Protein chains: 2
Amino acid sequence: MSTKSTQIRLAARPVGEPQDSDFEFVTTELPALGDGQVLLRTVYLSLDPYMRGRMSAAKSYAKPVEVGDVMVGATVCEVVESRSPKRGVGDLVLAYTGWQTYAVAEAHHTRRLDPGAAPISTALGVLGMPGFTAYAGLLEIGRPQPGETVVVAAASGPVGSAVGQIAKVKGARAVGIAGGAEKCRALLEEFGFDAAVDHRSATFRDDLEAATPDGVDVYFENVGGPVSAAVVRRLNKFARVPVCGLVANYNATEAPPGPDRLPGFLGAILTLSLTVRGFIQDEFVPTRHDDFLREMAGWLRDGSVRYREDIVEGLEQTPDAFRGLLVGRNFGKLLVRVGEDLTRE
Amino acid sequence: MSTKSTQIRLAARPVGEPQDSDFEFVTTELPALGDGQVLLRTVYLSLDPYMRGRMSAAKSYAKPVEVGDVMVGATVCEVVESRSPKRGVGDLVLAYTGWQTYAVAEAHHTRRLDPGAAPISTALGVLGMPGFTAYAGLLEIGRPQPGETVVVAAASGPVGSAVGQIAKVKGARAVGIAGGAEKCRALLEEFGFDAAVDHRSATFRDDLEAATPDGVDVYFENVGGPVSAAVVRRLNKFARVPVCGLVANYNATEAPPGPDRLPGFLGAILTLSLTVRGFIQDEFVPTRHDDFLREMAGWLRDGSVRYREDIVEGLEQTPDAFRGLLVGRNFGKLLVRVGEDLTRE
């Protein structure tokens, strides 16, 4: 029995914003399963900003996707055939099978999900990599103390909304930055931030100042660009800046024009005794991932942490949805429903 | 009995490099001693890069010197009159009396020195603030592991030479950057660095690469500017960058022209999971200063750490010597001998 998979492959390395012509849709026959392998039907595909980096040849923390290869990405899949005793047909698993409808994977590269414990899509969001990025970066690097002020941008996204809510659990004041009135309202009403600031407003800098009367002790940096520059001006002595993303820069094709702000930034690091620390969540998996799953599940149960998903329908929407992600068009964790989610019926 | 002091006061805030006209020499009558006070004769005045910051009105980690006030600075002094039971005439003390020949100070603001334990001038250098800056920044933030590579610039200066030698004590490879062949030779022959790189050489970048075949794990940042940019390109994943000074920028009057290197620097922080941490040594005084005095004294005794002083004669030389400090003209810890050092006769 043969299975066909529709795949989105990288056709060319994007220059600036990814174009439709940078991707190629291909329908291909998958190979027969080997021992220990499973055939997976993709239910949800996660879209995340880091994928822009994988499309580029530049040296980064992970190997780039080669031109001609299927685009990578985390997925929630259903096992439809198995040659492993570890996974049975019908199992729902977290996998890393990328932008395609079906895939062959090693069973030991998948993690079984319990659909009774939480909606399976959360394994890509609040209980997955974005949630753990927020948890590890905030608690291991940001270390907010009760009464301190935590600022996060892209605050209605899956990382930012978790950062703000975990900050509240720890007794800190949470200030979120987002684009537009609707997202800002959600920060206050859905996610319980103490203040929300719209970076698209003409009064953004003044609004940010008003929202941080005691300055900023932790700035969770996941956007870069002008928003970041505005927050840096509000940092207090000994502030901590976990850096987990710079989405504002990901489409940049060259160093922007001057003036050169690097000496000023280093000067702030010096005079304010700042800690600026880049991280990828992998680093903390061995020491903190079990804590994360246990604590986050508890916070979801008791309502301390809430989440929001933005689900687009059909693999063919993926390139356009990804472009939207880079400019903040989505609202909540961005997922593509590639195939039917039988647990939601 | 009245005492006259010759003082150097800040006459104007320097724009760029400090000019003679930014300083004013004044001879003034000191007030009579109050209870608990001592009259001090300045023996050595320490000149340090941070003083450039105090001459400016810009917000920094310490209050600026006001125009008309005596320039600040650490000194080693002899007590010539005392109205405190804590200090006797003839005592040698560490004080903070600035650019002048005599001063009145509170006895409890001074620390008594033991001329038998170490030359009194070292209280301003290897056993003083510069030595402690090296010790605390390297060990608390840099945390070099055996076999790792530590790079420091201004490496023949009092902070840099201590950084390299403490790195060696901890089993790391020490690479020093200095200006000119003579200083580079001293790094290898006097201070025991594993490699020395001349930043004035036309082949600086290639030389730095050759001197760091395994990349750089700790970059002790005390200069900024192009030297810093070259080292940042050599940083390894998880490298640590304690930032204690940016002397290359101190005379800058505006943000330099572009391109804007800040996005690239933040990108390196992210992709390499760097830790960049500014600090002022004060922060670590409560927890580490006693350890420092004990350990550093031991390293001086057993020859693990050596130091070099560059002593200019006479208070009138101070402005010119300070200008030289900002461009690396001195060689070793820069001191002004303001008055006779009776312990050296």
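Analysis parameters
Residues numbered from 1 in each chain as written. Chains lettered and ligands numbered in written order. Predicted model: local features only at pLDDT ≥ 70, side-chain atom pairs only at ≥ 80, totals over all residues. Heavy atoms only, no water. Axes fitted to C-alpha atoms, helices over the stretch in contact; angles between N-to-C directions. Helix = DSSP H or I, 4+ residues; strand = E, 2+ residues; numbered from the N terminus. Parallel < 35°, antiparallel > 145°, perpendicular 65-115°, else oblique. Left-handed = near helix turned anticlockwise from the far one by under 90°. Contact = heavy atoms within 4.5 Å. Nonpolar A, V, L, I, M, F, W, Y, C, P; charged D, E, K, R; others polar. Salt bridge = Lys/Arg side-chain N within 4 Å of Asp/Glu carboxyl O. Buried < 20%, exposed > 50% of the residue type's maximum accessible area, 1.4 Å probe, protein only. Polar contact = N/O pair within 3.5 Å; in protein donor to acceptor, adjacent residues only side chain to side chain. Domains from an automatic or database assignment. Buried area = accessible area lost by both parts, 1.4 Å probe. Pairing = 2+ DSSP bridges. Right-handed = clockwise from strand over helix to strand, strands pointing away. Least-squares fit on C-alpha atoms with pLDDT ≥ 70 in both. Phe/Tyr/Trp six-rings, centres within 6.5 Å; stacked < 30°, edge-to-face > 60°. Lys NZ or Arg CZ within 6 Å of the ring centre and 35° of its normal. Core = buried A, V, L, I, M, F, W, Y, C linked by side-chain atoms within 4.5 Å.

## Structural notes on the packing of helix α5 (residues 204–211) of chain A against helix α6 (residues 225–232) of chain A
Residues and elements named next belong to chain A.
Phase 1 of the analysis: Between α5 and α6, whose axes approach to 10 Å, the crossing angle comes to 40°. In terms of their interaxial angle, α5 and α6 are classed as oblique. The crossing of α5 and α6 is right-handed. Every residue of α6 that contacts α5 at Phe204, Arg205 and Leu208 is listed here: Val227, Ala230 and Val231.
Phase 2 of the analysis: Grouping the constituent residues of the contact of α5 with α6 by class yields 5 nonpolar, no polar and 1 charged.

## Some details on the pattern of salt bridges
Phase 1 of the analysis: In total, this model carries 40 salt bridges over all chains according to the counting rule given.
Phase 2 of the analysis: The closest approach of N and O atoms between Arg83(A) and Asp35(A), which form a salt bridge, is 2.5 Å. Of this pair, Arg83(A) sits in the loop between β4 (75–82) and β5 (92–95) while Asp35(A) sits in the loop between β2 (23–29) and β3 (37–46), and the two are 48 residues apart along the sequence.
Phase 3 of the analysis: What makes Arg83(A) partly exposed here is its relative accessible area of 42%.
Phase 4 of the analysis: For Asp35(A), a relative accessible area of 63% translates into the label exposed.
Phase 5 of the analysis: Asp91(B) is the partner of Arg112(B) in a salt bridge, and the nearest nitrogen-oxygen pair spans 2.8 Å. Highlighted residues: Arg112(B) in strand β7 (residues 111–112) and Asp91(B) in the loop between β4 (75–82) and β5 (92–95), separated in sequence by 21 residues.

## Some details on the side chain of Asp341(A)
All names here are of chain A.
Phase 1 of the analysis: As for its placement among the helices and strands, Asp341 is situated in the segment after β15 (333–337).
Phase 2 of the analysis: A polar contact of 2.6 Å, which involves the side chain of Asp341, links it to the side chain of Thr343.
Phase 3 of the analysis: With sequence-adjacent residues up to four places away left out, Asp341 is seen in contact with Val43, Tyr44 and Ile120.

## Some words on the domain arrangement of chain A
Residue and element names in this part refer to chain A.
Phase 1 of the analysis: Entries for chain A in the domain assignment read domain 1 (4–125 + 308–344) and domain 2 (129–301).
Phase 2 of the analysis: The partner domain 2 presents 18 residues to the 22 residues of domain 1 that form the contact.
Phase 3 of the analysis: At the boundary of domain 1 with domain 2, total buried surface from both sides reaches about 1,500 Å², with 60% on carbon and sulfur atoms.
Phase 4 of the analysis: For Arg308, the salt bridge is made with Glu190, and the minimal N-O distance between the two is 2.4 Å.
Phase 5 of the analysis: Applying the counting criterion to the domain 1 and domain 2 interface returns 4 residue pairs in polar contact (both at pLDDT 80 or more).
Phase 6 of the analysis: Here the residues of the side of domain 1 that touches domain 2 are counted per class, giving 10 nonpolar, 5 polar and 7 charged.

## Topic: the sheet that holds strand β13 (residues 275–278) of chain A
Phase 1 of the analysis: Spatially, 12 strands are ordered β10(A)-β9(A)-β8(A)-β11(A)-β12(A)-β13(A)-β13(B)-β12(B)-β11(B)-β8(B)-β9(B)-β10(B) in an open sheet, and the strand pairing comes out mixed. Two strands close off the open sheet at either side, each with one partner strand: β10 (195–198) of chain A together with β10 (195–198) of chain B. Across the sheet, the mean angle from the axis of one strand to that of its neighbour is 15°, orientation sign disregarded.
Phase 2 of the analysis: Pairing analysis gives 4 bridges linking strand β8 (residues 149–152) of chain A to strand β9 (residues 173–178) of chain A, with the strands arranged parallel. From the neighbouring strand, Val150(A) faces β9(A), where its bridge partner is Ala174(A).

## Overview of the interface of chain B and chain A
Phase 1 of the analysis: Each partner contributes residues to the interface: chain B has 35 residues there, and chain A has 35 residues.
Phase 2 of the analysis: Across the chain B/chain A interface, buried area totals approximately 3,100 Å², and carbon plus sulfur atoms make up 67% of it.
Phase 3 of the analysis: Scanning the region where chain B abuts chain A turns up 2 salt bridges.
Phase 4 of the analysis: A salt bridge links Asp260(B) to Arg261(A), with the nearest nitrogen and oxygen atoms 2.6 Å apart.
Phase 5 of the analysis: At the level of secondary structure, the elements contributing two or more residues to the side of chain B that touches chain A comprise β12 (235–243), α7 (262–271) and β13 (275–278) of chain B.
Phase 6 of the analysis: The element that contributes the greatest number of residues to the side of chain B that touches chain A is α7(B), accounting for 8 residues.
Phase 7 of the analysis: The residue inventory of the side of chain B that touches chain A, partitioned by class, reads 20 nonpolar, 9 polar and 6 charged.

## So, the pairing of strand β14 (residues 309–313) of chain B
All names here are of chain B.
Phase 1 of the analysis: Here β14 pairs with strand β15 (residues 333–337) via 5 bridges, running parallel. Of the residues in β15, the one forming a bridge with Glu309 is Lys333.
Phase 2 of the analysis: In this fold, β14 hands off to helix α9 (residues 318–326), which returns the chain to β15; that crossover is right-handed.

## Considerations on the packing of helix α7 (residues 262–271) of chain A against α7(B)
Phase 1 of the analysis: The geometry of α7(A) relative to α7(B) is characterised by a closest axis approach of 8 Å and an angle of 50° between their N-to-C directions. Classified by the angle between their axes, α7(A) and α7(B) sit oblique to one another. The segment α7(A) lies against α7(B), with Leu262(A), Phe265(A) and Leu266(A) engaging Leu262(B), Phe265(B) and Leu266(B).
Phase 2 of the analysis: Taken together, the residues that form the contact of α7(A) with α7(B) break down as 6 nonpolar, no polar and no charged.

## Remarks on the relation of the copies chain B and chain A
What relates the two chain copies is a rotation about an axis together with a slide along it.
Phase 1 of the analysis: With an axial shift of 0.0 Å and an RMSD of 0.0 Å, the rotation relating chain B to chain A amounts to 180°. Here the transformation between the copies is reduced to the relation of a two-fold axis. For chain B, the residue whose C-alpha comes nearest the rotation axis is Gly258(B), separated from it by 1.6 Å.
Phase 2 of the analysis: When the interface residues of chain B are mapped onto chain A, 100% of them again lie at the interface, so the same face is used by both copies.

## Observations regarding helix α2 (residues 129–142) of chain A
Each full turn of the α-helix corresponds to 3.6 residues, which orients residues three or four apart in the same direction.
Residues and elements named next belong to chain A.
Phase 1 of the analysis: Where burial is concerned, most of α2 is hidden: 12 out of the 14 residues are buried.
Phase 2 of the analysis: The complete set of buried residues in α2 reads Pro130, Gly131, Phe132, Thr133, Ala134, Tyr135, Ala136, Gly137, Leu138, Leu139, Ile141 and Gly142.
Phase 3 of the analysis: Phi turns positive one or two residues past the end of α2, at Arg143, with a value near 45°.

## Here we look at the packing of aromatic side chains
All names here are of chain A.
Phase 1 of the analysis: Throughout the structure, instances matching the rule amount to 16 aromatic pairs over all chains.
Phase 2 of the analysis: Every member of this aromatic cluster is reached through a ring pair, and the members are Phe132, Tyr135, Phe292 and Trp299.
Phase 3 of the analysis: Arg308 extends its terminal NZ or CZ atom over the ring of Phe331, reaching a point 3.7 Å from the ring centre.

## Comments concerning the nonpolar core
When a protein is soluble and globular, its nonpolar side chains tend to lie buried together.
Phase 1 of the analysis: Among the nonpolar cores identified, the biggest contains 62 residues, and Ile177(A), Tyr219(A), Leu235(A), Ile177(B), Tyr219(B), Leu235(B) and Val276(B) are the most heavily contacted of them.
Phase 2 of the analysis: Excluding its chain neighbours within four sequence positions, the residues that come into contact with Tyr219(B) are Val151(B), Ala153(B), Val227(B), Ser228(B), Val231(B), Leu235(B), Arg240(B), Val241(B) and Pro242(B).

## Some points on the environment of His108(B)
Residues and elements named next belong to chain B.
Phase 1 of the analysis: Within the element layout of this structure, His108 appears in the loop between β6 (102–106) and β7.
Phase 2 of the analysis: Note: C-alpha distance between His108 and Gly36 (72 residues apart in sequence) is 7.9 Å.
Phase 3 of the analysis: A distance of 3.4 Å separates a polar atom in the side chain of His108 from a polar atom in the side chain of His109.

## Description of the side chain of Gln165(A)
Residue and element names in this part refer to chain A.
Phase 1 of the analysis: Here Gln165 lies in helix α3 (residues 158–169).
Phase 2 of the analysis: Accessibility expressed as a relative area gives 2% for Gln165, which makes it buried.
Phase 3 of the analysis: Not counting chain neighbours up to four residues away, the residues in contact with Gln165 comprise Phe191, Ser304, Val305 and Arg306.

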